[in-house]
Amino acid sequence: MQSTSLTLDNVTVRMGQNTILDSISLSVPQGSFTCLLGPSGCGKTTLLRAIAGFAPLESGDMAIDAVSIAALPPEKRQTAMVFQSYALWPHMSVAENLAYPLKLRGIDRASRARKVARILDLLDLAEFGARSVASLSGGQRQRIALGRALVIDPPILLLDEPLSNLDAAIRRNLRSELRQLQRQLGITTIMVTHDQEEALSMADTIVLMRSGKIAQVAAPEALYAAPVDIDAARFMGVENFITTDSGEMGVASDAACFGFRSMSASICLHPLAGHLNRKAVVIDSAYAGDSYQVLVKSDGELFSARSSTPQLAGAQVILCVPADALIPFGADKNCLIPTDYRTPGRTLS
Amino acid sequence: MSLSNASRVSRSPLQNASHTKWYSVALVAPALAAIVFLFAVPLIRSVVTAFIDADGGWTLENISRAVEFYGRDVVFTIVIAVLSLAVIAAISIAIAGYLTLGSTPWAVAALRWLYRWPLFIPFIVAGQTARSFLARNGLMNSMLMEAGLLEPVAAQSFLDWRGLVMTFAWKQVPFVTLLLAGAMASLDRATIESARNLGANRLRCLFEIVLPQVRPTLFVGLILSLVTIMSVLSVPMMIIAGTPNMMTTMMAHRVTYYGDYAVANALGLFSYLLTALVAWFYLRSTLEKEAGK
Ligand SMILES: Nc1ncnc2c1ncn2[C@@H]1O[C@H](COP(=O)(O)OP(=O)(O)OP(=O)(O)O)[C@@H](O)[C@H]1O
Ligand SMILES: [Mg+2]
């Protein structure tokens, strides 16, 4: 298995009048698992299609192992893509679907059969070879689509929301299976998702995209703890933003505002040391499984927090957020946590 | 309460059922009558006439006379039809394939605009145009001579079986292409892209991914073209003088010169049989496919 690195250099893609990708530069190290994360319509699929050769570049360059692929047609690029809709060939059986990429490479019938059998084993679908693809369940089709991409030992694997059509249980299963398989084979992988939990749990590096641009490239922990700006923070599940009065509590900072997630904020009766404390009135309280999600109002602003007990609407309480859960943002809306913490520093195991 | 409600609701359609049945029969009656009187009755009549002699008795005489007089024309018709369909299939696949997989936008747009024109030209005009284009000193030969590709002495008329095949193809290719390109456009594009992504060039993509998925549409287009080829009278009459010629001209000849409907109908029977045979093969293959699913 050869594994390779991918570099994008100021990749710009335009469709009609719209600039879909705007000067994307990215370096994907060999053997890494990179997630493209971002809201719907931000250009994730387009970036993947550009890498596979289906979206012509307006300008910029892309290279596999420092050899430019920008001018190559899709079939010469050696990138294996798993489409969101699976795109299995309906006129072929499962085994034929898996064998076709090998046939295209001029591999003889006997070794084709051997490789297909091995992949079917790997995917836990050994007895499905003769079945028509129309008769498979969504999860099985997903695995066949993955197998069809893996059977050619691709240097680069591109996955477009491969798990989004599946129900939660299968998704969790496949998530770890996919990650294991990727580690085991050491394939450089780029996966599109708009599910932040999926990106956080699978990726070595997350590329956060926003309207055709890269907003942030970071390891999952860094992205979670220090989103680059307020919009990125919102996307990463930071629901609350609070403006500070200077000198309030122990959090000395020149931040214009702090962001925090509701699950790190709690409802107390008395101010706590080492916390940001705010007097607030309970607006609403709803059961959320392990605790209660409480909506409170303070100084005319709404915040949400967690509480282990239900709160009565109208009750006077204190909103407490531990200092280390606060993410400081400057007046320009950018995160004040130093940038070197945000760059991907995690080494690959 | 909900139970009694349900039963009350379900009763009314039952009460109305016979009423509704008559109503729908009345609605469909005009169409049904048109089919019976305009298509089914004449068809059955012409088939029956092929087996009836001058005195009104049953006979196979007409059939054997048709074979004896026109056997060569029947074979000629079959050969022309097969050749034409092969040419039509090849060109339609090429055009529709380029429309689907072509990567030069202006070329695709130009082709899309151009290829349909023959659809709007009547067969008789096509026959007339073919005559002046394919004759010994027609437009095609003069163009070839002007381009230096043809010696004047070597010029020959194409107004024979070749002209017939060319004219049928020219007239039917747009129709089959229209069907085929439509079917290809409605394929899931991702199936094409995934094939290219995994290493199929455009040609292999066309023959191994696109075409197998639109094969039924291609068959429908070719069967309808066969029926057209079997029924056009003007083109073979204008392009070919003498025999052998298509069955249609022979039938027309039999009727206009001899008033011999019986033998003409026997010839017609061969046309039905030929198209029915092809249609049967098509239906069988689609049914097999349905059953396989
Ligand atoms: N063929 C096209 N012509 C014009 N605009 C397009 C075309 N394809 C996509 N776009 C636009 O490009 C933008 C990015 O689309 P893309 O499919 O890459 O989004 P995405 O990030 O994958 O979104 P999602 O998460 O919903 O799949 C969208 O605004 C979309 O409208
Ligand atoms: Mg997408």
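Residues numbered from 1 in each chain as written. Chains lettered and ligands numbered in written order. Predicted model: local features only at pLDDT ≥ 70, side-chain atom pairs only at ≥ 80, totals over all residues. Heavy atoms only, no water.

Trainee: Explanation requested: the domain arrangement of chain B in the structure shown.
Mentor: When the parts of a complex come together, some accessible area is lost, and that lost area is often taken as the interface size. Residues and elements named next belong to chain B. What the domain assignment reports for chain B is domain 1 (1–49) and domain 2 (64–291). Distance between the C-alpha centres of domain 1 and domain 2: 39 Å. Taken together, the four residues of domain 1 in the interface contact four residues of domain 2. With both chains or domains summed, domain 1 and domain 2 bury close to 370 Å², and 63% of this area falls on carbon and sulfur atoms. When residues of domain 1 are sorted by the area they lose upon contact with domain 2, S46, V47 and T49 head the list and together hold 84% of the total. At the boundary of domain 1 with domain 2, the tally comes to one residue pair in polar contact (both at pLDDT 80 or more). Among the residues making up the side of domain 1 that touches domain 2, the classes are represented as two nonpolar, two polar and no charged. (Domains from an automatic or database assignment. Contact = heavy atoms within 4.5 Å. Buried area = accessible area lost by both parts, 1.4 Å probe. Polar contact = N/O pair within 3.5 Å; in protein donor to acceptor, adjacent residues only side chain to side chain. Nonpolar A, V, L, I, M, F, W, Y, C, P; charged D, E, K, R; others polar.)

Trainee: Just to check I follow, could you spell out a negative patch on the surface for this structure?
Mentor: Together, D121(A), D124(A), E127(A) and E177(A) give the surface a local cluster of negative charge. Inspection of the secondary structure assignment puts E177(A) in helix α5 (residues 168–185). (Patch = residues over 30% accessible without salt bridge, like charges linked within 9 Å, V, L, I, M, F, W, Y side chains within 5 Å. Areas by Shrake-Rupley, 256 points an atom, 1.4 Å probe, with all protein chains shown as cover. Salt bridge = Lys/Arg side-chain N within 4 Å of Asp/Glu carboxyl O. Lys, Arg positive; Asp, Glu negative; His and termini not counted. Charge placed at Lys NZ, Arg CZ, Asp CG, Glu CD. Helix = DSSP H or I, 4+ residues; strand = E, 2+ residues; numbered from the N terminus.)

Trainee: Would you mind showing me how to read the sheet that holds strand β5 (residues 67–68) of chain A here?
Mentor: Hydrogen bonds along the backbone pair up the strands of a sheet, which may run parallel or antiparallel. Residues and elements named next belong to chain A. Overall, antiparallel pairing links the four strands, which are arranged β2-β1-β4-β5 in an open sheet. Unpaired on one side and paired on the other, β2 (18–28) and β5 mark the two borders of the sheet. Sheet topology places strand β4 (residues 59–64) next to β5; two bridges connect them, and they run antiparallel. Each bridged residue has a counterpart across the sheet, and for A63 the counterpart in β5 is S68. Contacts between helix α1 (residues 44–52) and the sheet are confined to β1 (6–15), β2 and β4, with β1 contributing the most and set at about 115° to the helix. (Pairing = 2+ DSSP bridges. Axes fitted to C-alpha atoms, helices over the stretch in contact; angles between N-to-C directions.)

Trainee: How should the UniProt feature "domain: ABC transporter" (unreviewed entry) in chain A be read in this particular structure?
Mentor: The UniProt record annotates "domain: ABC transporter" (unreviewed entry) at residues 6–236 of chain A. Spanning residues 6–236 of chain A, this segment combines 36% helix with 26% strand, and its end C-alpha atoms are found 26 Å apart. (UniProt positions renumbered as here; feature names shortened; annotations may be inferred.)

Trainee: Would you mind going over the interface of chain B and chain A with me for this structure?
Mentor: In this complex, chain B contributes 18 residues to the contact, which on the side of chain A involves 25 residues. Counting the surface lost from both chain B and chain A, the interface buries some 1800 Å², and carbon and sulfur atoms represent 57% of this. The largest contributions to the chain B side of the interface with chain A come from E193(B), N197(B) and L198(B), which together make up 39% of the buried area. Linking chain B to chain A there are two salt bridges. In this structure, E193(B) engages R49(A) in a salt bridge whose closest nitrogen and oxygen atoms are separated by 2.6 Å.

Trainee: What exactly am I supposed to notice about helix α4 (residues 138–150) of chain A here?
Mentor: With 13 residues, α4(A) should reach 18 Å at 1.5 Å per residue; the first-to-last C-alpha distance of 18 Å fits that figure. Here α4(A) lies mainly inside the structure; eleven of its 13 residues are buried. Turning to α4(A), its buried residues are G139(A), Q140(A), Q142(A), R143(A), I144(A), A145(A), L146(A), G147(A), R148(A), A149(A) and L150(A). Buried residues in α4(A) make contact with β6 (79–82), α2 (94–104), α3 (109–122), β7 (156–160) and α5 of chain A together with α7 (189–197) of chain B. (Expected span 1.5 Å × (residues − 1). Buried < 20%, exposed > 50% of the residue type's maximum accessible area, 1.4 Å probe, protein only.)

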